Amino acid sequence: MKRIVFAAVLLAAVIVFNFFCLFTIAKIRNESVQKLDLLYSYVRYDDREKTALECEKFTEYWFSEHRILSQMVRHDFLDQITVAVSGFVPLAEFDETAELASEINRCKILIEEMWDSERPILRNIL
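Read on for an overview of the structure. Nothing here was measured: the structure is a model prediction, and the numbers come from that model.

Here's the deal with the overall build of the protein chain
Moving on, step 1. Helix and strand counts for the protein chain stand at six helices and zero strands.
Moving on, step 2. Written out in order from the N terminus, the α and β elements of the protein chain read α-α-α-α-α-α.
Moving on, step 3. For 126 residues, the compact-globule estimate of 2.2 N^0.38 gives 14 Å, and the protein chain exceeds it by more than 25% at 18 Å.
Moving on, step 4. In terms of its C-alpha atoms, the protein chain occupies a principal-axis envelope of roughly 70 × 25 × 20 Å.
Moving on, step 5. For the protein chain, buried positions account for 36% of its 126 residues.
Moving on, step 6. Restricting the contact set of the protein chain to residue pairs at least 6 apart, pairs at least 24 apart contribute 69%.
Moving on, step 7. Accessible surface computed for the protein chain: about 8,300 Å², of which carbon and sulfur atoms make up 61%.
Moving on, step 8. Where the 15 positive side-chain charges of the protein chain centre and where its 20 negative ones centre are 12 Å apart.

What follows is the structure, given as structure tokens:
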């Protein structure tokens, strides 16, 4: 009987931990997409100073969240996003708005793909 209770407690702990990880990934995804949308609006309306400032802020934000995500998410998505984010500041400083806008959209797509790959849906389980 003790084994059954232990197995049930262990199963409950795994389920709670997985929901916590899923909630954390969803929170980071929502915040990141929101920040990228704001950054894209600065790029689109050609506000160079705010764009450079927001690029620096987002880069700092991403590297702080990267440490958390690297414990929960496959690294291929994280590496691609990190490479794109590391180019934000130089692109903003040298006024490469088209390429910066492209990298912002690429990051958003990669973040959405990361979220989609971590969701507990049948396609991801099989």
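Structure shown, so let's carry the discussion forward.
Remarks on the packing of aromatic side chains
Both the distance between ring centres and the angle between the ring planes are used here to describe each pair of aromatic rings.
Moving on, step 1. Per the stated rule, a full pass over the model turns up two aromatic pairs.
Moving on, step 2. Note on Phe 58 and Tyr 61: the rings are 5.9 Å apart at their centroids and 45 degrees apart in plane angle, and the pair reads as tilted. With Phe 58 and Tyr 61 both in helix α2 (residues 48-69) and three residues apart, this pair spans about one turn of that helix.
Moving on, step 3. Here Tyr 61 falls in the buried class, since its relative accessible area comes to 10%.
Moving on, step 4. Geometry around Tyr 61 places Lys 35 over its ring, the cationic atom sitting 4.8 Å from the centre.

Section: empty space enclosed by the protein
Moving on, step 1. Scanning all chains against the criterion turns up one cavity of 30 Å³ or more.
Moving on, step 2. Considering only enclosed or pocket space, the largest cavity measures out at about 70 Å³ in volume.
Moving on, step 3. Together, Tyr 42, Val 43, Asp 46, Asp 47, Arg 48, Thr 51, Leu 91, Ala 92, Asp 95, Glu 96, Thr 97 and Leu 100 line the largest cavity.
Moving on, step 4. When residues of the lining of the largest cavity are traced back to their parent elements, those giving at least two are α1 (2-44), α2, α4 (88-93) and α5 (97-118).

Considerations on the layout of surface pockets
Moving on, step 1. Quantified by volume, the largest pocket comes out at close to 170 Å³.
Moving on, step 2. Residue contributions to the lining of the largest pocket peak at six residues, all from α1.
Moving on, step 3. A per-class count over the lining of the largest pocket returns seven nonpolar, one polar and one charged.

A word on the nonpolar core
Moving on, step 1. Ranked by internal contacts, the top residues of the largest apolar core, which has 32 residues, are Leu 36, Trp 62, Leu 69, Phe 88 and Leu 100.
Moving on, step 2. Broken down by secondary-structure element, the contributors of at least two residues to this core are α1, α2, α3 (75-86), α4 and α5.

The rules behind the values
Residues numbered from 1 in each chain as written. Predicted model: local features only at pLDDT ≥ 70, side-chain atom pairs only at ≥ 80, totals over all residues. Heavy atoms only, no water. Helix = DSSP H or I, 4+ residues; strand = E, 2+ residues; numbered from the N terminus. Rg over C-alpha atoms; globule rule 2.2 N^0.38 Å. Buried < 20%, exposed > 50% of the residue type's maximum accessible area, 1.4 Å probe, protein only. Contact = heavy atoms within 4.5 Å. Areas by Shrake-Rupley, 256 points an atom, 1.4 Å probe, with all protein chains shown as cover. Lys, Arg positive; Asp, Glu negative; His and termini not counted. Charge placed at Lys NZ, Arg CZ, Asp CG, Glu CD. Phe/Tyr/Trp six-rings, centres within 6.5 Å; stacked < 30°, edge-to-face > 60°. Lys NZ or Arg CZ within 6 Å of the ring centre and 35° of its normal. 1 Å grid on protein atoms, 1.4 Å probe; cavity = no way out; pocket = protein on both sides within 12 Å on 5 of 7 lines; lining within 4 Å. Points joined across faces, edges and corners; volume = space filled by probe spheres on them. Nonpolar A, V, L, I, M, F, W, Y, C, P; charged D, E, K, R; others polar. Core = buried A, V, L, I, M, F, W, Y, C linked by side-chain atoms within 4.5 Å.

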